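# Examining the three-dimensional arrangement
Single-letter residue listing:
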Amino acid sequence: MREKMFMLGVIGCFCLSSVLNAAENKGASTARPSNKLKVENVTPLDSTMMMRMEALLFFRVVDFMHVQNKSMSAFSDEAILKEYLDLVDPTKMFFTQADVDRFIENHASYVGKHLKAYGDMDPGFALINQYRQRFAERVAWIQERLDQPFDFKTTGSFLVDRKKASFCANRQELDSLWEQRLTHELINELLLDSSSDKHNQLGKTTPSDDKKTFKVVTEQQAMERLNTAIDTLKKRYLDYNKWVQLIEPMDVQELFCNTVAQFFDSHTGFFSADSMDEFSIELKNSLCGIGAVLKDDNGTCIIQEIMAGGPAERNGQLHVGDKILAVAQGDQEFVNIQGMRLRHAVKLIRGGKGTLVRLRIQSDNNSLEGCSVVELIREEVKLEDRLASAKVFWIPDATQRLHCIGWIDVPAFYGEESGSQTGHTISNDVKTLIERLKQFSVEGLILDMRRNGGGLLTEAVNLSGLFLKDCPVVQIKRRDECIPLCADANHCVWEGPLLIVTSRFSASAAEIVSGALQVTHRALIFGDRSTHGKGTVQAFIELNKALPVSSPNTRLGAANVTIQKWYLPDGSSIQQRGITPDMILPSIWDDQPIGEADCPHALPWDVINSMPSLPIQDPSCCLLSDEGRQVLLQREQKRVLSHPALDWYARQLQSNRKQVAKKTYSINLSERIQAINEERKVRQAFSDEEQKLLKTYSPIYWPLSLSHRAPKKNPNAKPSFDLFQYEALEIMNDWLQWLHPAITVEPHWCYGQVVHAGAF
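Per chain, the residues get numbers from 1 upward, laid out in the order the sequence is written. Confidence filtering applies because this is a predicted model: local features only for residues at pLDDT of at least 70, side-chain atom pairs given and counted only at 80 or more, and all residues used for totals across whole chains, interfaces and linings. Think of the side-chain values as coming from all heavy atoms in the structure, minus any hydrogens and water.

### Side note on the overall build of the protein
Numbering of helices and strands runs from the N terminus; a helix is a DSSP stretch of H or I covering at least four residues, while a strand is a stretch of E covering at least two. A tally of helices and strands in the protein yields 22 helices and 22 strands. Three exposure classes are used, based on accessible area relative to the maximum for each residue type with a 1.4 Å probe and protein chains only: buried under 20%, partly exposed in between, and exposed over 50%. Buried positions account for 54% of the 760 residues belonging to the protein. Residue contacts are counted whenever heavy atoms from the two residues lie within 4.5 Å of one another. At a minimum sequence separation of 6, the contacts of the protein that also span at least 24 residues come to 80%. For the accessible areas, the method is Shrake-Rupley and the probe is 1.4 Å, while residue cover comes only from the protein chains on display. Carbon and sulfur atoms form 51% of the exposed surface of the protein, whose accessible area is close to 33,000 Å².

The structure is reproduced here in structure tokens:
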């Protein structure tokens, strides 16, 4: 019955398609405003009939397919409008509380009802039109205000993170808030050293340029940049306004539909036809770019993931969480992308293979320091550049006996279904590497999944089967059924000690493997406080294909709908909580809002029945008793308290957390100069200590011929001390010592040679 009702609704939508196509070709297009700032001529945007049909069809698909069997009628109209307000004006610097109250009063009685029945998105367009008007008015005010003097000796401060702030009561309060913001931004510009500032220079930068691009000397020298700083801010806000006025109706459609869709869960969403094209390009792994996954955070382009084997990883100067503020093609002038729609920013960052792109970067840790310029040569980023790889480590003990440990990097759960054109799958590649590592008599194996964001479920099960014999791996729950999946009893290739290294970026399929091997006591888990916590799977449905009969002239968007939930063999959900490691090393990411639990409206954690065939422990791999586990934990805790590398890391972690937590900055120039100099002194001290650690625990590369190709690395990339790798090797060394108690092992630090799956 439910399927019949759904198809009747779809057919009802489709019967309108010929009329809607005709209307789409008439006066439905919206003229773009001029780049010249004319507040009185802001052209209002409106939805088209085709957009309303897309919205109607999208929410019917979601209602029918979502795993939670939710209906839009369960959502509060007022809650939807408030969330939409927070997305449109996240800094609370364009609307007043009176604007907010008026908007909610005018629209709170019919949002969900009209959207579901007619595809009506009028509230979304009404607010965006008002926002564009307010933005243009504010930029005109800013241009005038920047021509007036500023007081840099004030005792005030500015709250940079205003996501949880309240709206100003009136225009006077808003003007005062903007005074603080402009003073803060001018000080930021004043503290950029003119000799190294790349903001407006056309000459090339070199990869060896230090990431710190300014050097504060005196307040007088900073003030010499005042005119340049004012001109920079004027241009920046004119650029902001240009991009706001170039917002298109489909941008509003996406934003409003996704605001409502988020109430189903944080991964359900709507893609316009243009966004769907971008998504398809990513799935096919055929883009030329920097090798990074980007996301939009309230108008700021942020690096969400750095792809293994890509230009960004090899460069070594970009990190997850860094903000891309501007983009320059080759030696051309920088284009400010703050406030730009993400798809437009991505088009600037992508480009022809072998071409140069320069990025102006702001660090992810709220540092007082300025921006850096990073140069990258664009390359075609394909799955074949992100294959699994391995290393061999030898750690000598007190008797000079070498413990041989294999290390395999598992970057993603790829396979033929995910776009590989060479037949590579992660399970086959890891199997190949294990067989190769066995030739060196490795005693223990470590899987590195710190950067693994997931992939194919089938590959997660297959990979687990390399270490399990006929054991359960995962339970898949749909609306009305639960399906267990088990590892193949004939595929197990490694029965020795197994350690998995995870982080807050380990998600989805990576969590399935880690959780299954942990629950069956097959492996130890080591890493951040928890993994990401994504225990759901989505289906990508092109709305055009959801129609009973599709017209070649009908180009619709797509729905991304959560249709399943994943559970571990013991019945516990991965959702929100993720996988808690057996041994935890505190990380800067532990306190960052990057996990599933930090997503608004994320589906809750729950538990179902355990699989009946769940063994207490995989009988083929009884390698660590509870007593042994306690021994390893005690040794790890002792090492944390005494090792100089771990002491250095703990102090640096505390300093970084303090900096990240800082949300308010002084708008007194003298105080800011003092704070910056103090921060730079601390950072330099940590950097000097890191270089000493690298020398003390210098990498030793054993002469092995395991690959026909060497990894591409940037010779100018600054080496860093990988403490998690160090500690994982020490834990494995402790495990091997526990298995062979007659041998006493002294911890040492030693690297091996890289082995690539693609070479075999």
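### Topic: the pattern of salt bridges
Counted as salt bridges are all cases of a side-chain nitrogen of Lys or Arg within 4 Å of a carboxyl oxygen of Asp or Glu. All chains considered together, the criterion is met by 27 salt bridges. Across the pair Lys116 and Asp63 runs a salt bridge whose closest N-O atoms are separated by 3.3 Å. With a gap of 53 residues between them, Lys116 in helix H6 (residues 111-118) and Asp63 in helix H3 (residues 49-65) connect regions that are remote in the sequence. Residue class for Asp63 comes out buried when judged on its relative accessible area of 11%. The partner of Arg236 in a salt bridge is Glu189, and the shortest N-O contact between them spans 2.7 Å. Taken as a pair, Arg236 in helix H10 (residues 226-245) and Glu189 in helix H8 (residues 171-190) lie far apart in primary sequence, 47 residues in all. The pair Arg236 / Glu189 is uniform in exposure class, with both members buried. Here the residues in one salt-bridge network are Asp99, Arg102 and Arg134, joined through shared partners.

### Digging into the packing of aromatic side chains
In this analysis, rings of Phe, Tyr and Trp, with Trp reduced to its six-membered ring, are considered paired at centre separations within 6.5 Å, and the interplanar angle assigns stacked below 30 degrees, edge-to-face beyond 60, and tilted for intermediate values. Going through the model one piece at a time under the given rule, you end up with 18 aromatic pairs. Judged by centre distance (4.8 Å) and plane angle (70°), the ring pair of Phe58 and Phe59 falls under edge-to-face. Accessibility assignment for this pair places Phe58 and Phe59 in one class, buried. Between Phe75 and Phe264, the ring centres sit 4.9 Å apart and the planes meet at 90°, which makes this aromatic pair edge-to-face. Of the two residues, Phe75 sits in the loop between H3 and helix H4 (77-88) while Phe264 sits in the loop between helix H11 (249-261) and strand E2 (269-271), which places them 189 residues apart along the sequence. Residue class for Phe75 comes out buried when judged on its relative accessible area of 11%. Residue Phe264 is classed as buried on the basis of its relative accessible area, which comes to 0%. One aromatic cluster is present, built from ring pairs that chain together Phe94, Phe95, Tyr131, Phe135, Trp178, Tyr237 and Tyr240. One cation-aromatic arrangement involves Arg138 over Trp141; the distance from NZ or CZ to the ring centre is 4.7 Å. To sit over a ring, a charge needs its Lys NZ or Arg CZ within 6 Å of the ring centre and within 35 degrees of the ring normal. The residue whose ring lies beneath Arg360 is Phe334, and the NZ or CZ to ring-centre distance is 4.5 Å.

### Remarks on helix H15 (residues 426-438)
For a helix, the expected span equals 1.5 Å multiplied by the residue count minus one. An ideal rise of 1.5 Å per residue puts 18 Å on 13 residues; H15 measures up with 18 Å between its terminal C-alpha atoms. Taken as a whole, H15 has its buried residues at Ile426, Ser427, Asp429, Val430, Leu433, Ile434 and Leu437. Angular distribution of buried residues about the axis of H15 spans 160°; they occupy a single face of the element. Throughout, the arc means the angular range of directions from the helix axis out to the C-beta atoms.

### Focus on helix H22 (residues 723-739)
Across its 17 residues, H22 extends 24 Å between first and last C-alpha, which sits within 8% of the 24 Å expected from 1.5 Å per residue. Where burial is concerned, most of H22 is hidden: 15 out of the 17 residues are buried.

### A few points about the environment of Glu313
Topologically, Glu313 is positioned in helix H13 (residues 311-315). Along the chain, Glu313 and Ala292 lie 21 residues apart, while their C-alpha atoms are 8.4 Å from each other. Leave out the neighbours within four places in its chain, and Glu313 touches Ile306, Met307, Ala308 and Arg451.

### Here's the deal with the environment of Lys163
With respect to the helices, strands and loops of the structure, Lys163 is situated in the loop between strand E1 (157-159) and H8. The partly exposed category is assigned to Lys163, whose relative accessible area is 48%. For the pair Lys163 and Asp89, spaced 74 residues apart in sequence, the C-alpha to C-alpha distance is 9.2 Å.

### With respect to the environment of Gly289
Tracing the sequence through the fold places Gly289 in strand E3 (residues 288-289). The class of Gly289 is buried, set by a relative accessible area of 2%. A C-alpha to C-alpha distance of 9.6 Å links Gly289 and Leu348, two positions 59 residues apart in sequence.

### Things to note about the packing of H3 against H6
Angle between the axes and distance between the axes: these two values describe a pair of packed helices. Angles here are taken between N-to-C directions and fall from 0 to 180 degrees, while the axes themselves are lines fitted to C-alpha atoms, restricted in helices to the stretch in contact. Where H3 meets H6, the closest approach of the two axes is 7 Å, and the angle between their N-to-C directions is 100°. Accordingly, the angle class assigned to the pair H3 and H6 is roughly perpendicular. Contacts between H3 and H6 involve Arg52, Ala55, Leu56, Phe59, Arg60 and Asp63 from the former and Leu115, Lys116, Ala117 and Tyr118 from the latter. Classification convention: Asp, Glu, Lys, Arg as charged; Ala, Val, Leu, Ile, Met, Phe, Trp, Tyr, Cys, Pro as nonpolar; all other residues, Gly among them, as polar. Its residues assigned to classes, the contact of H3 with H6 shows six nonpolar, no polar and four charged. When an angle is under 35 degrees it counts as roughly parallel; over 145 it counts as roughly antiparallel; between 65 and 115 it counts as roughly perpendicular; any other value is oblique.

### Structural notes on unusual backbone geometry
In this structure, Gln576 takes a positive phi of about 70° despite not being glycine. By the element assignment, Gln576 lies in the loop between strand E19 (558-567) and strand E20 (583-584). Relative accessible area serves as the criterion here: at 26%, Gln576 is assigned to the partly exposed category. Phi at His601 is positive, roughly 65°, even though this residue is not glycine. Here His601 lies in the loop between E20 and helix H19 (626-642).

### Describing the pairing of strand E6 (residues 323-329)
Buried residues dominate E6, accounting for five of its seven residues. Any two strands between which DSSP finds at least two bridges are classified as paired. Of the strand pairs in this sheet, strand E5 (residues 300-306) and E6 are connected by two bridges, and their pairing is antiparallel. In the sheet register, Ile302 faces E6, and the bridge partner there is Lys323. As paired elements, E6 and strand E8 (residues 356-362) share six bridges and run antiparallel to each other. By the bridge assignment for E8, Ala328 is matched with Arg358. When E6 meets strand E7 (residues 335-336), the two strands line up antiparallel, connected through two bridges. Each residue of the ladder has a partner; that of Ala326, found in E7, is Asn336. Where E6 folds back on E7, the antiparallel hairpin that results is connected by five residues, among which Gly330 adopts a positive phi of roughly 60°.

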